[in-house]
Amino acid sequence: MPDVILASSSMVRARLLRAAGLQVETMAPRVDEGALRESLQAEAIKPRDIADALAEAKARKVSARNPGDLVLGCDQVLVHDNCLVSKSLDIGAATQLLKKLRGGTHQLLSAACIYRNGTPLWRHIGTAHLTMREFSDEYLDRYLARNWDTVRGAVGCYHIEDEGVRLFSEVKGDQFIIMGLPLLEILNFLSTRGDIDG
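The name that an unreviewed UniProt entry assigns to the protein is Nucleoside triphosphate pyrophosphatase, with the source organism given as Roseicitreum antarcticum. For the protein, the Sequence similarities (unreviewed entry) comment in UniProt is given as "Belongs to the Maf family." Under the heading Cofactor (unreviewed entry), UniProt records this for the protein: "a divalent metal cation".

Written out as structure tokens, the structure is:
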């Protein structure tokens with residue numbers, strides 16, 4: 001029996017949890033994230049609450065199919081100038097996004113929610129503040145050409161643990177939150193409850 005079921009197919013989140021010594025099973029939640037996000041944005045819901053609602057929707061869906069198991073749902077959103085930023089569909093959109101973020105500070109909000117038997121037990125939203133340096137257009141073009149296949153699914157078109165770190169002049173917040181998982185807070189919760197050793 002796993003310590004936790006991750007309501008996601010995210011390899012990064014699963015790898016982080018396993019590296020921390022947890023037995024993890026992954027299960028896609030079958031939640032229409034795009035439709036839910038659009039609906040919440042249409043209601044002028046704050047980005048923080050959108051991240052929380054998406055994480056909860058994933059955990060709730062998978063928990064309903066797995067009674068007795070702890071289920072972890074996660075979501076991450078990028079906020080710039082108080083607006084939610086969507087994923088870029090192609091290199092052209094990624095170029096425009098990174099030019100908009102260049103020289104300024106944006107936030108990554110990483111939400112996590114743990115369910116058991118269809119009931120929420122715990123939730124957390126971590127925030128990181130990232131400031132991009134004034135990189136050149138030429139570097140940006142080369143960066144995207146080299147990294148597009150790996151960053152195309154990342155909302156900010158970067159992975160801080162890879163070459164994406166070169167886009168930044170300052171980062172405030174822990175690396176796990178930047179990678180989309182408030183890992184320390186999750187581990188503290190599970191260990192305090194006695195669900196994992198600690």
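That was the structure; now back to the text.
(A) Quick look at the pairing of strand β3 (residues 70-80). The buried fraction of β3 is high, at 11 of 11 residues. Of the two faces of β3, the one holding Leu70, Leu72, Cys74, Gln76, Leu78 and His80 and the one holding Val71, Gly73, Asp75, Val77 and Val79 are both buried throughout. In this sheet, β3 lies alongside strand β1 (residues 4-6) in parallel orientation, the contact comprising 2 bridges. Across the sheet, residue isoleucine 5 finds its bridge partner in β3, namely valine 71. Pairing of β3 with strand β5 (residues 105-116) involves 10 bridges; the strand directions are antiparallel. Bridge pairing in β5 links glycine 73 to cysteine 113.

(B) Main features of the nonpolar core. Counting residues in each nonpolar core, the largest one holds 46 residues, and the members touching the most others are Leu72, Leu98, Tyr143, Tyr158 and Leu167. Examining the composition of this core, we find that 6 residues originate from one element, helix α5 (residues 137-151), more than from any other. When sequence neighbours within four positions are dropped, the list of residues in contact with leucine 72 reads Val4, Ile5, Leu6, Ala7, Leu17, Ala59, Ala112, Cys113, Ile114, Leu181 and Ile186. Membership of the second largest hydrophobic core comes to 19 residues, among which are Leu40, Val62, Val77 and Ala111.

(C) Structural detail: unusual backbone geometry. Although it is not a glycine, asparagine 82 sits at a positive phi angle of roughly 65°. Relative to the elements of secondary structure, asparagine 82 occurs in the loop between β3 and β4 (83-85). For asparagine 82, a relative accessible area of 71% translates into the label exposed.

(D) The pairing of β5, seen in detail. Within β5, 9 of the 12 residues are buried, which leaves the element mostly enclosed by the surrounding structure. Across 12 bridges, the pairing between β5 and strand β6 (residues 119-132) is antiparallel. The residue bridging tyrosine 115 from the neighbouring strand is proline 120, located in β6. In sequence, β5 turns back onto β6 through a hairpin of 2 residues, with asparagine 117 there showing a positive phi of about 55°.

(E) Expanded view of the packing of helix α4 (residues 91-101) against α5. Interhelical geometry of α4 versus α5 gives an angle of 135° and a closest axis separation of 11 Å. As far as their axial angle goes, α5 and α4 are oblique. Two packed elements cross with a definite hand, and for α4 against α5 that hand is right-handed. Residues Ile91, Ala94, Thr95, Leu98 and Lys99 of α4 lie in contact with α5, whose contacting residues are Asp137, Leu140, Asp141, Tyr143, Leu144 and Trp148. The class makeup of the residues in the contact of α4 with α5 is 7 nonpolar, 1 polar and 3 charged.

(F) Representation of the environment of valine 24 in the model. Relative to the helices and strands, valine 24 resides in strand β2 (residues 24-26). Counting along the chain gives 22 residues from valine 24 to proline 2, while the straight-line C-alpha distance between them is 5.4 Å. Valine 24 has contacts with Pro2, Val4, Leu6, Leu17 and Arg18, leaving out every residue within four places of it along the chain.

About the criteria used
Residues numbered from 1 in each chain as written. Predicted model: local features only at pLDDT ≥ 70, side-chain atom pairs only at ≥ 80, totals over all residues. Heavy atoms only, no water. UniProt positions renumbered as here; feature names shortened; annotations may be inferred. Buried < 20%, exposed > 50% of the residue type's maximum accessible area, 1.4 Å probe, protein only. Helix = DSSP H or I, 4+ residues; strand = E, 2+ residues; numbered from the N terminus. Pairing = 2+ DSSP bridges. Core = buried A, V, L, I, M, F, W, Y, C linked by side-chain atoms within 4.5 Å. Contact = heavy atoms within 4.5 Å. Axes fitted to C-alpha atoms, helices over the stretch in contact; angles between N-to-C directions. Parallel < 35°, antiparallel > 145°, perpendicular 65-115°, else oblique. Left-handed = near helix turned anticlockwise from the far one by under 90°. Nonpolar A, V, L, I, M, F, W, Y, C, P; charged D, E, K, R; others polar.

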